[in-house]
Amino acid sequence: MRKSTKLALAFAALAGAVGTTAYAENNASAKMRDSMMARLDKAMSDSDGAITFDQFSDAMNVRLKKLVAANGGKLTVAQLADALEKARFERMARRIIARYDTRGDGTLTTDDITGREKKVFAMLDKNNDGKIEKSELPKGGRFGRQSDDDDSVR
């Protein structure tokens, strides 16, 4: 194998690792690894079990290459950050809508939000007295730290 090919493969592997790190978020890195391996498996199965550097390159970082192409062949830090932030917030928005959308139509209404709040309130109001007292809140849970100032949440 030629030295330039080896360097190109090393650079591609490094770029893939850096790209994976940039996108990593909680369990997202495992999903990305699985996605990358699926792309490589597909490329190999399409090529009878072996792939060239060009095929490898085509299978890797497709989204990143599209971003570079969409920005005139160059991608600045700000442009990449904007794209990453947009993708992250779109994933968050999909999760929120999936969690709250009671009709399954992909939209949120005040009724959806209020319905979800009622369910959560009912779960926290363990003694069903219509109020949540400090003792009913999860200890160290997702609702943050409790202060000793107030015994109920209003």
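Nothing here was measured: the structure is a model prediction, and the numbers come from that model.

**Structural notes on the packing of aromatic side chains**
Argument step 1. Scanning all chains against the criterion turns up zero aromatic pairs.
Argument step 2. Here the basic side chain of Arg 88 rests over the ring of Phe 89, its NZ or CZ set 5.3 Å away from the ring centre.
Argument step 3. In this structure, Arg 116 packs its charged tip against the face of Tyr 100, placed 5.5 Å from the ring centre.

**Some thoughts on the pattern of salt bridges**
Argument step 1. Considering all chains together, one arrives at four salt bridges under this definition.
Argument step 2. With a shortest N-O distance of 3.5 Å, Asp 105 and Arg 103 are connected by a salt bridge.
Argument step 3. Residue Arg 103 is classed as partly exposed on the basis of its relative accessible area, which comes to 45%.

**Let's talk about the UniProt feature "domain: EF-hand" (unreviewed entry) in the chain**
Argument step 1. With numbering matched to this structure, UniProt assigns "domain: EF-hand" (unreviewed entry) to residues 118-137.
Argument step 2. As annotated, residues 118-137 comprises 35% helix and 10% strand, and the C-alpha atoms at either end are separated by 15 Å.

**Notes on the nonpolar core**
Argument step 1. Core analysis: the largest hydrophobic core is formed by five residues, namely Leu 40, Ala 43, Phe 56, Ala 59 and Met 60.
Argument step 2. Beyond its immediate chain neighbours, meaning those up to four positions away, Ala 43 contacts Ile 51 and Ala 59.

**Side note on the confidence of the model for the chain**
Argument step 1. Across the chain, the average pLDDT comes to 79, with 73% of residues at or above 70.
Argument step 2. Here strand β2 (residues 152-153) is the element of the chain with the lowest mean pLDDT, 45, and helix α5 (residues 77-100) is the one with the highest, 92.
Argument step 3. Across residues 150-154 the pLDDT falls below 50, and counting only partners more than four positions away or on other chains, this stretch makes nine contacts in the model.

**Comments concerning unusual backbone geometry**
Argument step 1. With a phi angle near 55°, Asn 128 is a residue other than glycine that sits in the positive phi range.
Argument step 2. Its location among the elements puts Asn 128 in the loop between α6 (110-124) and β1 (132-133).

Cut-offs used in this document
- Residues numbered from 1 in each chain as written.
- Predicted model: local features only at pLDDT ≥ 70, side-chain atom pairs only at ≥ 80, totals over all residues.
- Heavy atoms only, no water.
- Phe/Tyr/Trp six-rings, centres within 6.5 Å; stacked < 30°, edge-to-face > 60°.
- Lys NZ or Arg CZ within 6 Å of the ring centre and 35° of its normal.
- Salt bridge = Lys/Arg side-chain N within 4 Å of Asp/Glu carboxyl O.
- Buried < 20%, exposed > 50% of the residue type's maximum accessible area, 1.4 Å probe, protein only.
- UniProt positions renumbered as here; feature names shortened; annotations may be inferred.
- Helix = DSSP H or I, 4+ residues; strand = E, 2+ residues; numbered from the N terminus.
- Core = buried A, V, L, I, M, F, W, Y, C linked by side-chain atoms within 4.5 Å.
- Contact = heavy atoms within 4.5 Å.
- pLDDT = per-residue confidence, 0-100.

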